[in-house]
Amino acid sequence: MTERPAISPTRQEDFPEWYQQVIAAADLAENSEVRGCMIIKPWGYAIWERMQRELDRRIKAAGHRNAYFPLFIPLSFLEKEAEHVEGFAKECAVVTHHRLEVSEGRLVPGAPLAEPLVVRPTSETIIGAAFARWIQSYRDLPLRINQWANVVRWELRPRLFLRTSEFLWQEGHTAHQAAEEAEAEALRMLRLYEGFLHEMLALPAVAGEKTPRERFPGAVRTLTLEVLVQDRKAIQAGTSHFLGQNFARANGISFLSPEGRQEHAWTTSWGVSTRLVGTLIMAHSDDNGLALPPRVAPTQIVLLPLIRREEERAAVEEACARLVAELAEKSYAGEPLRVEIDARPLPGGSKNWEWVKKGVPLRIEIGPREVAAGMLSVGRRDRSPRERLSLSVRQFVEGAEQTLAEIQNGFWERADSFRKAHTRRIASREEFIEFFTPRDREKPEIHGGFAELPWAGDVALEEKIQEEQKVTIRCIPLDQTSERGICPFTGKPGNDWVLMGKAY
RNA sequence: CGGAGUGUAGCUCAGCCUGGUUAGAGCGCUUGCUUUGGGAGCAAGAAGUCGCAGGUUCGAAUCCUGUCACUCCGACCA
């Protein structure tokens, strides 16, 4: 048997195609009849649910409460904040009619709406309108609301999970009395995301601030988490905005201060989306398919009974049931182990590969041989798919928690050293160009990464670099070194170190 | 919105240039036999109004016109 990987092409051969193939092989999602909108299949949705559940817990623990606002936003609401209009106008889906009528055997829109409705691209405006009513006094502040919702941005070039016209997300919206308090909130939520990415998804992210050019439309400051994935491009995995008083002014969110003055509130908004699923795939998966860190894996351990003859069935099934019962007593990271039995009547080999491709951390094969010996054949997703460890039932059950923790850490270590290995301090313009230029122009190989450099440029220079190298300032990292340096582009002393890279 | 391309079985595609029996392949699916610690082999079978509408023709998946949809490359973007 040759060592052929399950996914073709491999990451090296064609990364974008590999990504699509992993999604298909792991049965995560597919394109739908609606342009740019994906169907998230059960396995993909289960991963999202895992993320959702844990994030929801953390957000609530941070003092926010869930609510739900309408899908439709009156057009006039979007017009209230000038920058916001400009930022989102081009990608809004607009509802202009209600009611369908039959005309010449076809359904056609009937009654035009007096005011068109926009399908929310984000909810600052409609939540702001509600906040304006809810907030009267400084005693109503801070107000901390979160909603789980779908949003629509009419993207021209969709890509499963990373950029779809409709996506699922969580958007938090808060209002505060003081600028500093709101700013601290935006930062606190960014750090919350950072911890979530680290602990649950094993994703190392660089926390930083966007340059004015890349800021959220209408924000005063936009904070971001940038993750370097395996083709060495950056993905914005989470974002948090300090909106100043812009939206408060636009929506009339004001309160009576303790001193009896009418003041505008200071607001924030922050979100992460199903894009995290795409980021997870691009960061951790390999040429054998999806690889899931145990903490987000919907199933952490899959049991694969090997039954060749009917007379073997009873013993094998009984052993499986016993193992499940024993594992049910065990937990990992504060939650009961998630165990599944795949009893489908399929050849063992193909079943085993299916679970490799789905990324389940531990696969256990139980056949008559194992039953007789009281042993288990254990396959780990962080090892070769053909490798099996022979463990006693007791060894496995007792060690399950530690094994999962080890795998989880392994994912983190690998991703973290990958990020370090592909982050380079850039001293000259030439070095910068060399770093971001593939050797093979026709068929660019995986190249580049994160470039760190002291920046003294302006917006025009930023644009020029983007045009010439397709590289942008991903962020100004929050954790700055105290070292001073010279900006490789301008020759002037840099103000801040920036992180540059090619982005998704 | 600019440039290029593609619509044929559940999926990936061949056939079209040069019109001509009953439209093909691989994968997947169903059944049978064989195999049995491993992504099985053999055989049989189910599955298609060839994107849609019109035209040319004795005859159209194939040629022409229109139309719709999608994909890729740009610009835009969580």
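From a predicted model like this one, the values you see are computed outputs, not experimental measurements.

Notes on the overall build of chain A
Phase 1 of the analysis: Across its full length, chain A carries 14 helices and 25 strands.
Phase 2 of the analysis: In terms of overall dimensions, chain A is globule-like: its C-alpha atoms have a radius of gyration of 26 Å, near the 23 Å expected for 504 residues.
Phase 3 of the analysis: Overall, chain A is about 80 × 60 × 60 Å in size when its C-alpha atoms are taken along their principal axes.
Phase 4 of the analysis: Expressed as a percentage of contacts within chain A between residues at least 6 apart in sequence, the contacts between residues at least 24 apart total 69%.

Digging into the sheet that holds strand E25 (residues 496–501)
Phase 1 of the analysis: Spatial strand order, E3-E7-E8-E14-E11-E10-E9-E24-E25-E23-E22: 11 strands in an open sheet with mixed pairing. Strands at the two margins of the open sheet, each flanked by one partner only, are strand E3 (65–66) and strand E22 (423–425).
Phase 2 of the analysis: Strand contacts of helix H5 (residues 124–134): strand E7 (143–152), strand E8 (166–176) and strand E14 (266–273), with the helix running at about 150° to E7, the strand carrying the most contacts.

As for the sheet that holds strand E15 (residues 301–305)
Hydrogen bonding along the main chain pairs the strands of a sheet, whether they run parallel or antiparallel.
Phase 1 of the analysis: Read from one edge to the other, the open sheet built from 5 strands follows the order E18-E15-E19-E20-E21, with strand pairing classed as mixed. Of all strands in the sheet, those bounded by a partner on one side alone are strand E18 (339–341) and strand E21 (389–392). Each strand axis lies, on average, 30° off the axis of its neighbour in the sheet, ignoring direction.
Phase 2 of the analysis: Pairing geometry for E15 and E18, over 3 bridges, is parallel.

Re helix H12 (residues 393–421)
Count 3.6 residues to each turn of an α-helix, and residues three or four apart come out pointing the same way.
Phase 1 of the analysis: With 29 residues, H12 should reach 42 Å at 1.5 Å per residue; the first-to-last C-alpha distance of 39 Å fits that figure.
Phase 2 of the analysis: Maximal helix bending in H12 amounts to about 55°, located at Ala400.
Phase 3 of the analysis: Within the span of H12, buried status applies to Phe396, Ala400, Thr403, Leu404, Ile407, Gln408, Phe411, Ala415 and Arg419.

A closer look at the nonpolar core
Phase 1 of the analysis: One finds Val22, Leu203, Val227 and Ala237 to be the most contacted residues of the largest nonpolar core, which totals 121 residues.
Phase 2 of the analysis: At 8 residues, the largest contribution of residues to this core is made by helix H6 (residues 179–199).
Phase 3 of the analysis: Apart from the residues within four sequence positions on either side, Leu203 is in contact with Leu197, His198, Val227, Ala237, Thr279, Ala283 and Ala415.

Some details on the environment of Glu430
Phase 1 of the analysis: In this structure, Glu430 sits in helix H13 (residues 429–435).
Phase 2 of the analysis: Residue classification places Glu430 among the exposed residues on the basis of 10 C-beta atoms within 10 Å.
Phase 3 of the analysis: Remark: the alpha-carbon pair of Glu430 and Glu329, spanning 101 residues in sequence, is separated by 59 Å.

Points about the pairing of strand E23 (residues 450–455)
Phase 1 of the analysis: Judged by how many residues are buried, E23 sits mostly within the fold: 5 of 6 residues are covered.
Phase 2 of the analysis: The sheet contact formed by E23 and E25 spans 5 bridges and is antiparallel. From the neighbouring strand, Ala451 faces E25, where its bridge partner is Met500.

Details of the domain arrangement of chain A
Phase 1 of the analysis: Along its sequence, chain A is organised into domain 1 (15–284), domain 2 (301–403) and domain 3 (423–501).
Phase 2 of the analysis: Here domain 1 and domain 3 have C-alpha centroids that lie 29 Å from each other.
Phase 3 of the analysis: Each partner contributes residues to the interface: domain 1 has 16 residues there, and domain 3 has 16 residues.
Phase 4 of the analysis: Secondary-structure elements contributing two or more residues to the side of domain 1 that touches domain 3 are strand E9 (206–209) and strand E10 (221–228).
Phase 5 of the analysis: Element by element, the count of residues in the side of domain 1 that touches domain 3 is highest for E9, at 4 residues.
Phase 6 of the analysis: For the side of domain 1 that touches domain 3, the per-class residue count stands at 5 nonpolar, 3 polar and 8 charged.

Side note on the environment of Glu387
Phase 1 of the analysis: Tracing the backbone through its elements, the reader meets Glu387 in the loop between strand E20 (375–380) and E21.
Phase 2 of the analysis: Distance from Glu387 to Ser377, taken between C-alpha atoms, is 9.4 Å for residues 10 residues apart in sequence.

Observations concerning the pairing of E10
Phase 1 of the analysis: Of all the 8 residues making up E10, 7 are buried; the element is thus mostly covered by neighbouring parts of the structure.
Phase 2 of the analysis: Where E9 meets E10, 4 bridges bridge the pair, whose relative direction is antiparallel. Paired with Gly208 across the two strands is Thr224, which belongs to E10.
Phase 3 of the analysis: Pairing geometry for E10 and strand E11 (residues 234–242), over 8 bridges, is antiparallel. Across the sheet, the residue bridging to Val227 is Ile235, located in E11.
Phase 4 of the analysis: Turn length for the E10-E11 hairpin, with the two strands adjacent in sequence and antiparallel, is 5 residues, and the turn residue Arg232 shows positive phi of about 65°.

So, how was this worked out
- Residues numbered from 1 in each chain as written.
- Chains lettered and ligands numbered in written order.
- Predicted model: local features only at pLDDT ≥ 70, side-chain atom pairs only at ≥ 80, totals over all residues.
- Helix = DSSP H or I, 4+ residues; strand = E, 2+ residues; numbered from the N terminus.
- Rg over C-alpha atoms; globule rule 2.2 N^0.38 Å.
- Contact = placed C-beta atoms within 7 Å.
- Pairing = 2+ DSSP bridges.
- Axes fitted to C-alpha atoms, helices over the stretch in contact; angles between N-to-C directions.
- Expected span 1.5 Å × (residues − 1).
- Bend = angle between axes of the 7 residues up to and from the residue.
- Buried ≥ 20, exposed ≤ 12 C-beta atoms within 10 Å, placed from the backbone.
- Core = buried A, V, L, I, M, F, W, Y, C linked by C-beta atoms within 7 Å.
- Domains from an automatic or database assignment.
- Nonpolar A, V, L, I, M, F, W, Y, C, P; charged D, E, K, R; others polar.

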